[in-house]
Amino acid sequence: MNTLVSPKHLPRVSIIAFFSIGLAFSLITASAAQQEQQKQPAAPAHDMAHMHHNHDGFMQQGMHHAVAKGTKLEQQVDDATHTITLREGPLTLPANTDHTKMPQPPDVFWTIPLDAFLRAYTPRLVDAKGNAVPGTVLHHTAFWNTNRSDFLCPNKEEHIFGAGSELTDWKEIPGYAYRVQKGDKIRIETMVHNPTTTVYDNVYLEVKIPYADPIATVKSVYPAWMDVQSCGNSGYDLHAGKNENTGTVTVKYDGILIGVGGHMHDYAKQITLEDTTRKETVATLNANLSEKGQLLSMPVVTFLDRGGYKFAAGDELRITATYDNTSGKPLPAGAMGIVVGYFLPADDNAMSALRRKPKPATRQIAASTHE
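This write-up is about the structure you can find in this document. Owing to the predicted nature of the structure, the values given are computational and were not obtained by experimental measurement.

1. Some thoughts on the pattern of salt bridges
Thought 1: Counted under the stated rule, the structure contains twelve salt bridges.
Thought 2: Between Glu 206 and Arg 87 there is a salt bridge; the shortest N-O distance is 3.2 Å. With Glu 206 in strand S13 (residues 200-212) and Arg 87 in strand S5 (residues 83-93), the pair connects residues that are 119 residues apart, well separated along the chain. Neither Glu 206 nor Arg 87 differs from the other in exposure class; each is buried.
Thought 3: Where Arg 124 meets Glu 206, a salt bridge forms, and the shortest distance between an N and an O atom there is 3.3 Å. Taken together, the residues span a long stretch of sequence, with Arg 124 in strand S8 (residues 122-126) and Glu 206 in strand S13 at a distance of 82 residues. For the pair shown, Arg 124 and Glu 206 are each scored as buried.
Thought 4: What emerges from the salt-bridge pattern is a single network uniting Glu 74, Arg 87, Arg 124 and Glu 206.

2. Section: the sheet that holds strand S6 (residues 108-111)
Thought 1: The antiparallel open sheet is built from four strands, whose spatial order is S6-S12-S9-S10. With one partner strand each, in any of the chains shown, S6 and strand S10 (157-163) form the two edges of the open sheet. Across the sheet, the mean angle from the axis of one strand to that of its neighbour is 25°, orientation sign disregarded.
Thought 2: In the sheet, strand S9 (residues 138-149) pairs with strand S12 (residues 185-192) via seven bridges, with the strands oriented antiparallel. Bridge pairing in S12 places Thr 141 opposite Thr 190.

3. What about the state of the cysteines?
By definition, a disulfide links the sulfur atoms of two cysteines through a covalent bond.
Thought 1: Taken as a whole, this structure holds one disulfide when the rule is applied.
Thought 2: Sulfur-sulfur distance for the disulfide between Cys 153 and Cys 231 comes to 2.0 Å. When the S-S torsion is -75°, as for the bridge of Cys 153 with Cys 231, the disulfide is left-handed. Taken together, the positions of Cys 153 in the loop between S9 and S10 and Cys 231 in the loop between strand S15 (222-227) and strand S16 (236-238) put the pair 78 residues apart, joining distant regions of the chain.
Thought 3: The class for Cys 153 is buried, based on a relative accessible area of 2%.

4. Re the pairing of strand S23 (residues 299-302)
Thought 1: The two faces of S23 match: Pro 299 and Val 301 on one face and Val 300 and Thr 302 on the other face are all buried.
Thought 2: Sheet topology note: the strand S18 (residues 255-263)/S23 ladder contains two bridges and is antiparallel. Residue Gly 259 lies in a different strand from S23, and its bridge partner there is Thr 302.

5. Some words on the sheet that holds strand S25 (residues 316-325)
Thought 1: Sheet architecture is open: four strands sit in the order S17-S25-S19-S20, paired in antiparallel fashion. Each edge of the sheet is formed by a strand with only one pairing partner; in this case those strands are strand S17 (241-250) and strand S20 (280-286). For this sheet, the mean angle separating the axes of adjacent strands, direction not counted, is 15°.
Thought 2: Looking at chain direction, S17 and S25 are connected through ten bridges and run antiparallel. Looking at the pairing, Lys 242 lines up with Asp 324 of S25.

6. Concerning the side chain of Asn 325
Thought 1: Within the secondary structure, Asn 325 sits in strand S25.
Thought 2: At a separation of 2.6 Å, a polar atom in the side chain of Asn 325 contacts the side chain of Ser 327.

About the thresholds
- Residues numbered from 1 in each chain as written.
- Predicted model: local features only at pLDDT ≥ 70, side-chain atom pairs only at ≥ 80, totals over all residues.
- Heavy atoms only, no water.
- Salt bridge = Lys/Arg side-chain N within 4 Å of Asp/Glu carboxyl O.
- Helix = DSSP H or I, 4+ residues; strand = E, 2+ residues; numbered from the N terminus.
- Buried < 20%, exposed > 50% of the residue type's maximum accessible area, 1.4 Å probe, protein only.
- Pairing = 2+ DSSP bridges.
- Axes fitted to C-alpha atoms, helices over the stretch in contact; angles between N-to-C directions.
- Disulfide = S-S within 2.5 Å.
- Polar contact = N/O pair within 3.5 Å; in protein donor to acceptor, adjacent residues only side chain to side chain.

Below, the structure written as structure tokens:
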């Protein structure tokens, strides 16, 4: 997303892009510097015929996939520039292969190396030589803080960052950031596909994350993910033709919403956020599509000129996503409808109740570190 500025369509905006410590709200194609990194030994190869991976995070669909071999996560911490660079891969992407047929990387876990505020996120895809790979092969990536519950849906881990084919760049908003503690475990769930006619070998997802020291004078913000599937599975099927799905979530804390953007998929038309308790439309986000129905961007709306949009504990929010699937066929797990924003609580101390012990990780692949 591009920096949240008033209701505007911003170039290359999409995927749930909101969070970033400094209330970035930016959505543009990312460009992260590749740096020499110390690699962790490759994970043991899996028998593709017998090992399957269940993506039950961002997609929340319970879909089973063959597991991609040798996926690892690397981390480089640059103390001089206060930047962390993560690198996940390698992945081999056969041509003309959708996400249901593609071997998928297992979830990997990033252990936060220090107490800090995360300020922004810049994702990109590269090959082994550092050349750019088209973002269209990224179905999605999602970062979840396993040490915290989502403040709207406490049954879920806190979803702190996401990106899709538009390679959303979450830019910094000075004065705001997302607080993490040393040792926090961030689960990274990535799904790929390749709708192109080109085979891509040894593809890596890189995410560049600037950070600030905990003594920095910033306000802690919390990512708000408001889903048409409410607190359940994010992905759902698209029927041929018009589709309208609606869900609700209830706000549990007083505070303000700084701004919102949206995440939808191809053939999207619109997503709206309403505060039904106050009988107000908070935001209407119209999708920008190509002639073929491919999602190009989603608008971003901020409420900074009015001091934020006020939420009160007990407010019910309604999210409605509209699609027009002109492909002429049903698309299993082909849709999502999520309004994503930053929430600034009235009482930050009350948010401490969200902290929890992470569940034991299975098939955990931890990041190697190069400082």
